[in-house]
Each structure stands twice: as structure tokens, then as C-alpha cells.
Amino acid sequence: MSGTFVGMPAFPKAAQEAVGNPTLRANLRHATHTIRAKRAAAVAEVSDWAALREAGKQIKDHTLRHLDRYLVQLEESVTAAGGTVHWAADADEANRIVTRLVKETGESEVVKVKSMATQEIGLNEALEAEGIRAYETDLAELIVQLGKDRPSHILVPAIHRNRGEIRDIFAAEMSEWGRPAPEGLTDTPAELAEAARLHLREKFLRARVGVSGANFMVAETGTLVVVESEGNGRMCLTLPETLISVVGIEKIVPTWRDLEVFLQTLPRSSTAERMNPYTSTWTGTTDGDGPRTFHLVLLDNGRTDTLADEVGRQALRCIRCSACLNVCPVYERAGGHAYGSVYPGPIGAILSPQLRGTGSEIDASLPYASSLCGACYEVCPVAIDIPEVLVHLRERVVQGGPVTLEGNRTVLKPAKGHAAERAAMRAARWAFARPGALRAGQRLASRTRRLHPRTLPGPGRAWSGSRDLPPVPAEPFRDWWQRTNGGDAGEGRAK
Amino acid sequence: MRVALFLTCVNDTLYPDTGRAVVKLLTRLGVEVDFPMAQTCCGQAHYNTGYRHEAEPLARHFSDVFGEYEAIVTPSGSCGAMVRELYPRMGERARAEGRGDTLAATLAPVVPKTYELTEFLVDVLGVTEVGAYYPHTVTYHPTCHGLRGLGLGDRPRRLLQAVKGLELRELPGADECCGFGGTFALKNSDVSAAMGADKVRNAESTGAEVLCAADNSCLMHIGGTMTRLRTGMRPVHIAEILASTEAEPAL
Ligand code: SF4
């Protein structure tokens, strides 16, 4: 498995492998169903969940509406607290800034605490190219990194692996990166965790540069917040001399007080915990405590373009809790890799085609990676109407329309490869606008019904490969209605 | 009370028995049913596949055909949700695109008076016992648009529980999508088929003879999977169960 997502095939093809892999299906099914039930219980405990959800949505919407103002306020607060703010318009710029900052320290190693933003921009690869090694310190990230794999879940990037696989990866790869796995390592969780702990401790104590993300940034105080379960984040945030945080610009909340909402909804939605085990907050630099230098890299990378879209912008409310992945029946079967992004599942299906555009095969197929069942919308703690955005993006793919690209308003042409579908939709619309035409079609189908195969040629094969078609009835309803006016002699007339 | 039956294009063409069952049931309950012959399709398949502009004329046509009736009843949760949830959204989108309020104004009248069948029975007619007789074991699959789109809640199950002779069996993972999703079944057929197979296995584990739902599109997908997997179970629309009586039992 390659470590990057570049050149991914369209979702249906990418999903095929996962659908046909029983181990993967079982791992995913077990993991998502367990967490799903726990989340439901953790949410049911809170009597004002609906109000919290609405409050989270309101805070995020308000912030996004005035993002320009809050970003300036954040920059001022961070600077006043002794930090330095950098602005990165895209992935390349962000990578250049971080690489330069690391080089200025003279170091060639950094420790990282889980940051999706740095995965989104491919920071590890960029650092590697400049001779700098980045060590992931989150347990699941470590498994992914050691396995030369890609993350497949927002919260549990190694969700697709079982314990046996993890043992094998540790035994084979740890020595390459530092302290080797102990002899005779078994697949018991305690032993695996201990092996990871020893391996990582060494790194924490040695590293002089830490790279992190953040769950929230508080505009009024310039405070960044990371919530995590393992404590590795706290180590990364406090032990190094230099801390570089790379954060998407949508992660702002206006005030410290606003955190009260998200610190309730996030842990319950993601790990089904009432409160997450470690909440670290850091504000600039403080003498004699924590890093002596602090840099904040504010990442745009498609976010202001997304913000310009009235329907799609709600994706920026996302607090990355991963609840939508865990309830998604498509994610459960297709696995995270099929989404071709660090953001898999329902949120990935709406976020990636907005951040990256719908130009590539995979991005154009993502809005269709859903049956629109609505389970994701129901669980989302900030009420993102994911199905609504999916349909909106489908429209962009098949019909084109106005979009904002790198700050410029342009009109997108329809994507290629939908000509037959478009023609079929037009024809159907034409017939449906004419009841007579519809009826003629129905009659023709009825009259030829004995000739209909139960499997289909062409594009219909996708259907009949695994399902039988219903037989066409002898008489469509409307003919029966007209013949009997809604009832036969036995039943009496309806009118 | 006189209501218009919106049968949906799928029911009309492929499942006329469901339409006949709705007529029989509502007539039995003293409701006067009309079937406006000019009706076609609500435009859901177009809308959900991304062809909103193609869906708009169909929505307008729907409003023209049904606008004058007191109530519009449909035996389909997803087409019901299309009218109730998505028609207002189509109006909003047209407005946002600077096309004024015309579409919104055209569609507005049909939105509040469109009811899914079980909703109409329970909320408007106020009945849960409809005088039905159906001596079979049944498991109920609440389809996504009925469950989450329209919020049908336990209405269908209450109706089924009141049917004489019927034994209702709990469906494990009931609220999980069956994998139909309109064009999703074609575009992502592997995932769709896997979802369908899981749904059918869960249904089979109940030992029921019949899987019942309030939407023939989902039943087409589930039923097609059932015959392919040779389960021996039958998909049946809830209207056909509720229409069945001792004098005239359904199969
Ligand atoms: S979209 Fe909602 S449910 Fe999904 S990860 Fe984001 S906040 Fe969580």
C-alpha cells in the first residue's frame, strides 16, 4: 500500500478491494458498531443534547461569518502572548514555512502529535525531502507510519488493522525508527501499548522541536487547544523547545467560554467519553514552562473558497469527532482508504471535493459515495447536513456552476463522463412532463414484459449482478384506475 | 374527506398492487380517493443525482396536478420526503440564484398537505387499528427517508402491531440503510450490494416470512437481493398488509 493518496481511482473502484476483503470488513464492522453503541449511550445521558448541538452549530456559523475579524483578533492575541503567526495560502506554502522553521532550529528530527492538517498538506513527506524526520506519536498514527500505510479513520487512523497485524508491524519496523520492539512481543493490548510507550518515550525526551495541530483556537486569548486520550499530545506540547502548530483557519472559536459547548459534544461524539482524558491548552510562550518558541501556521488550503459557497460552507463547522464515519454504512464497507484523503467517510466525501476541487476522478466520485441515508446528519454534533452538501456537490459535478477557486469566482463546466446519464435524465424529465408519453412507455413495457430479462446488459449490469429485477406487471396502475375508476365490482367504487 | 393519491412513478409502473391496496384501504376507512391521471414523478431521482434543474419542471408539474386537493397521500417515504423536505429547499435555491420567489410560491401549497400513508392514517385519520387481517410473521424495515427524512417514528410499527393475526419480529440493525439509495445502487453497486446482503441476512435471522417496508424502491432492492440469495422471504409493502382483510386476504 502506498503512503499517499495521489492518483487514486474513483471511489467505486477504490471501494471494491475493501468490500471483497473479509478481514477488513470484520475489523471495520466490529470497531464501528462498538463505538456507535457507546456513543449513543454517552449522548443519551445528556438531557440538553439538542440544545448543545444547536449551540455548537451557531457558534461555528457565527465565527465563519466573521472569520476575517476573528483571524485578525487571533493573530493579535497570539503575538501579544509571545507567539509568531504565519499565514499559508496552500499546502506548499505551509510546508515551506514549517521546513524553514525547523531548519532554523538546526534540528533534523521532530515529534508530532496527531494533526490532520499536516497530513492534509503532506508535511511529513515535505520534511523528509529536506532531510528532516517526523515521528508520529499518537499510537494509531505510529502504527500507520511504521506500517508505511495510510490513515483510514479520523480518530483511529489504524482502525483497519487488528492486533495481530499491529504486532507484526511493531516487530518488523520499530528498530528502523528507534527503540526496537521487545523480543517475543505478543498481541495483547497491554504489551503492544508498552512497546509503543518505550519506543515513544525515547523520542519525546530527545526531541527539541514539536509539531502539532489543534482542535480549537480561541480568538480572544490566542489560546490553542488539543484534546486527546493518550497523553502523547501533552508531551509533544510541553517538552520541546520549539513548538510549531499547523491549524486550519476554520478552527477558531471567539471566546474561551465557547469551549464549554465543544468540550462536552466532542468527547461524547468521538470516543463516547463524558470528558476526554487530556485537554491541553497553550497560549504563546511562558518563561520557565513549556516551549521557548511558539509558531502558529494558519492554513487556508481551499478553506476560504469553501467558505464562499453558501451550501457547502457548513462543512467547515466540522470538529472532526468522526461520529459520522462510525455510523456510515458506506464507510463501514468501503473502508477509509477508498476516500482518497485524510478525511474519509461522510465528512471526507463533502470536504475533499471542496478543498481540492472536483477535477480529479476520485474527487468527482466522492459526492456519490453515499446512499443519502442521513445517519451522518443525525449524529453530527454541529448539525452539518451532509446529505444536502452531497447533493449540492453532485450538482456541481454533473451540471457545473459557479464556484470560487483561489479566491476568484468562476463557472465550472460539467465533469466529463456524465453525458449518457445526463441524456437519460433529460429524456426521463421529458417523458415525466408528459403523462401521455409516460403511459405509452408503461404500456410498451407491459406488452413486452415476457421478453424482459431479469438481468440487464450495459450499465444495468451493476444492478443485476447481485439483485434480481422485479417482473413488469401486466397493467400499470393508471390503466387499472382508468378501467375501473379505482375499484372493481367486488370492492365498489371509490368515488 | 377527499384525497389525492400520489402513487409515485415506480409504484405506478412496477408495483400497481400497492396502489390498489392504498385505494382499497382508504376507501374502507371512508376516505374518497382520487388519482389525478396527469401525475408523473416528483423528480427525486433527478434531484438526488445532481440534476436539480431537470427536477424543477417535475416539481412544478407536481404542484400543478396536486395543488387543489385537500390532502395528498403517498405510499412512499422517500417521495413524501422529496415533497416535504426538498421542495422548499428547491425554492430557496432558486431564490439564492436570483430567480425570485416564483418557484417557491408554486411549490409551497403542496408541501404541508403531502402525507406518507402511515402518517396520514395515524395523524390525520387518527387510526392505528385499520381492520386488517394478515396471518403471517413480519419484520419491519424503516426506510431511511421515512425514518430520518419524515420522522415516521413508530407509526408504521403501531399500525402493524394492530393487525390481526400478524406477528411482528424485531429486525436487528433496523435503522441501517438497505443500500438502495436510487442511483447509488448503480454507481456504487459493490457497496450497495454488500449493504443489501447484510440487511437481508439480518431479516433472515428473524425467521419472519415477510419483510415489510413503506417504500417499494427499497423493497425492490431488498427483494431482488432476497431472491438472489434464495432466502425464501418475501418483500411486502405495508399498504398491502394493511389492506388485507379476512374476507379478502392478501397473499
Ligand atoms: S461532520 Fe460532524 S460528525 Fe462528522 S466528523 Fe465532523 S463534526 Fe463529527
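Residues numbered from 1 in each chain as written. Chains lettered and ligands numbered in written order. Predicted model: local features only at pLDDT ≥ 70, side-chain atom pairs only at ≥ 80, totals over all residues. Heavy atoms only, no water.

As annotated in an unreviewed UniProt entry, chain B carries the name L-lactate dehydrogenase complex protein LldE and is attributed to Streptomyces achromogenes.

## A few points about the packing of aromatic side chains
A complete count under the given rule lists 13 aromatic pairs over all chains for this structure. Aromatic pair Phe6(B) and Phe62(B): ring centres 4.8 Å apart, planes at 85 degrees, arrangement edge-to-face. Pair noted here: Phe6(B) is in the loop between β1 (2-5) and α1 (9-14) and Phe62(B) is in helix α4 (residues 52-66), with a separation of 56 residues, a long-range link. Overall, the relative accessible area of 1% leaves Phe6(B) in the buried class. Since its relative accessible area comes to 3%, Phe62(B) is described here as buried. Members of the aromatic cluster, each reached through a chain of ring pairs, are Phe477(A), Trp480(A), Trp481(A) and Phe35(B). Note that Arg69(A) overlies the ring of Tyr70(A), its terminal NZ or CZ placed 5.0 Å from the centroid. In this structure, Arg133(A) packs its charged tip against the face of Trp177(A), placed 4.3 Å from the ring centre. (Phe/Tyr/Trp six-rings, centres within 6.5 Å; stacked < 30°, edge-to-face > 60°. Helix = DSSP H or I, 4+ residues; strand = E, 2+ residues; numbered from the N terminus. Buried < 20%, exposed > 50% of the residue type's maximum accessible area, 1.4 Å probe, protein only. Lys NZ or Arg CZ within 6 Å of the ring centre and 35° of its normal.)

## So, the site of the ligand
Residues and elements named next belong to chain A. Surrounding the ligand, one finds Cys-318, Ile-319, Arg-320, Cys-321, Ser-322, Cys-324, Ile-347, Cys-380, Pro-381, Val-382, Ile-384 and Ile-386. With respect to the pocket detection grid, the ligand is positioned in the second largest cavity. Partitioning the shell around the ligand into residue classes produces ten nonpolar, one polar and one charged. (Near = heavy atom within 4 Å. 1 Å grid on protein atoms, 1.4 Å probe; cavity = no way out; pocket = protein on both sides within 12 Å on 5 of 7 lines; lining within 4 Å. Sits in = over half its atoms within 2 Å of the grid points. Nonpolar A, V, L, I, M, F, W, Y, C, P; charged D, E, K, R; others polar.)

## Focus: the UniProt feature "domain: Cysteine-rich" (unreviewed entry) in chain B
Residue and element names in this part refer to chain B. On the UniProt side, "domain: Cysteine-rich" (unreviewed entry) is annotated at positions that read residues 3-83 and 138-222 here. From the first C-alpha to the last, residues 3-83 spans 16 Å; its make-up is 58% helix and 12% strand. Taken end to end, residues 138-222 comprises 48% helix and 12% strand; its first and last C-alpha atoms sit 15 Å apart. (UniProt positions renumbered as here; feature names shortened; annotations may be inferred.)

## What about the nonpolar core?
In terms of nonpolar packing, the biggest core is built from 91 residues, with Phe11(A), Tyr339(A), Ile347(A), Ile350(A), Tyr87(B) and Met90(B) touching the most fellow members. Element by element, the count of residues in this core is highest for helix α5 (residues 77-96) of chain B, at seven residues. Once residues lying within four places of it in the same chain are set aside, the contact partners of Ile350(A) are Ala315(A), Ile384(A), Ile386(A), Val389(A), Leu390(A) and Leu393(A). Counting residues in hydrophobic clusters, the runner-up holds 38 residues, among them Val31(B), Val33(B), Ala132(B) and Val138(B). (Core = buried A, V, L, I, M, F, W, Y, C linked by side-chain atoms within 4.5 Å. Contact = heavy atoms within 4.5 Å.)

## As for empty space enclosed by the protein
Residue and element names in this part refer to chain A. With the rule as written, the count across this model stands at five cavities of 30 Å³ or more. In this structure, the largest cavity occupies an estimated 100 Å³ of space. Along the walls of the largest cavity sit 16 residues, with Cys-328, Pro-346, Ser-370, Cys-373 and Cys-376 positioned nearest its centre. For the lining of the largest cavity, the secondary-structure elements that each account for two or more residues are α15 (329-334), α16 (345-355), α18 (375-379) and α19 (386-399). Looking at the lining of the largest cavity residue by residue, the class counts come to twelve nonpolar, four polar and no charged. Around the second largest cavity, the lining residues are Cys-318, Ile-319, Arg-320, Cys-321, Ser-322, Ala-323, Cys-324, Ile-347, Cys-380, Pro-381, Ile-384 and Ile-386. Its residues assigned to classes, the lining of the second largest cavity comprises ten nonpolar, one polar and one charged. (Points joined across faces, edges and corners; volume = space filled by probe spheres on them.)

## Focus: the interface of chain B and chain A
At the junction of the two partners, chain B supplies 67 residues and chain A supplies 70 residues. For the pair chain B and chain A, the two sides together bury roughly 6,000 Å², of which 58% comes from carbon and sulfur. When the area that chain B buries against chain A is broken down by residue, the three leading residues are Met37(B), Tyr51(B) and Arg228(B), summing to 12%. Between chain B and chain A we count nine salt bridges in total. Where chain B touches chain A, the interface holds 22 residue pairs in polar contact (both at pLDDT 80 or more). Here the side of chain B that touches chain A takes eight residues from helix α11 (residues 189-205) of chain B, the largest share from any one element. Taken together, the residues of the side of chain B that touches chain A break down into 29 nonpolar, 21 polar and 17 charged. (Buried area = accessible area lost by both parts, 1.4 Å probe. Salt bridge = Lys/Arg side-chain N within 4 Å of Asp/Glu carboxyl O. Polar contact = N/O pair within 3.5 Å; in protein donor to acceptor, adjacent residues only side chain to side chain.)

## Things to note about the confidence of the model for chain B
Residues with a pLDDT of 70 or more make up 100% of chain B, whose mean pLDDT is 95. ipTM for the predicted complex: 0.95, alongside a pTM of 0.93. (pLDDT = per-residue confidence, 0-100.)

## Regarding the pairing of strand β5 (residues 137-140) of chain B
Residue and element names in this part refer to chain B. Burial along β5 is two-sided: Thr-137 and Thr-139 and Val-138 and Tyr-140, pointing in opposite directions, are all buried. Where β5 and strand β6 (residues 167-169) come together, three bridges link them in parallel fashion. Within β6, the position partnered with Val-138 by the bridge is Leu-168. Relative to strand β7 (residues 210-213), β5 runs parallel, the two sharing three bridges. (Pairing = 2+ DSSP bridges.)

## Here's the deal with the pattern of salt bridges
All names here are of chain A. Going through the model one piece at a time under the given rule, you end up with 49 salt bridges over all chains. Linking Lys-103 and Glu-130 is a salt bridge whose minimum nitrogen-to-oxygen distance equals 2.5 Å. Of this pair, Lys-103 sits in helix α5 (residues 91-105) while Glu-130 sits in the loop between α7 (123-129) and β3 (133-136), placing them 27 residues apart in sequence. Its salt-bridge partner being Glu-165, residue Arg-161 comes within 3.6 Å of it at the nearest N-O pair. Taking the relative accessible area as the measure of exposure, Arg-161 reaches 24% and is therefore partly exposed. Taking relative accessible area as the criterion, Glu-165 reaches 26% and is therefore assigned partly exposed.

## Some thoughts on the packing of helix α20 (residues 419-432) of chain A against helix α21 (residues 435-447) of chain A
Residue and element names in this part refer to chain A. Two numbers describe how α20 lies on α21: the axes approach to 6 Å, and their chain directions differ by 110 degrees. Overall, the two elements α20 and α21 adopt an arrangement that is roughly perpendicular. Here Trp-430, Ala-431 and Phe-432 of α20 come into contact with α21, specifically with Pro-435, Ala-437 and Leu-438. Residue classes in the contact of α20 with α21 are distributed as six nonpolar, no polar and no charged. (Axes fitted to C-alpha atoms, helices over the stretch in contact; angles between N-to-C directions. Parallel < 35°, antiparallel > 145°, perpendicular 65-115°, else oblique.)

## Some remarks on the sheet that holds β6(B)
Residues and elements named next belong to chain B. Strands sit in the order β6-β5-β7-β8 across an open sheet of four strands; the sheet is parallel. Each edge of the sheet is formed by a strand with only one pairing partner; in this case those strands are β6 and β8 (234-237). The sheet shows a mean angle of 35 degrees between the axes of neighbouring strands, taken without regard to direction. The sheet contacts of helix α12 (residues 216-228) involve β7 and β8, and relative to β8 the element is tilted by about 170 degrees.

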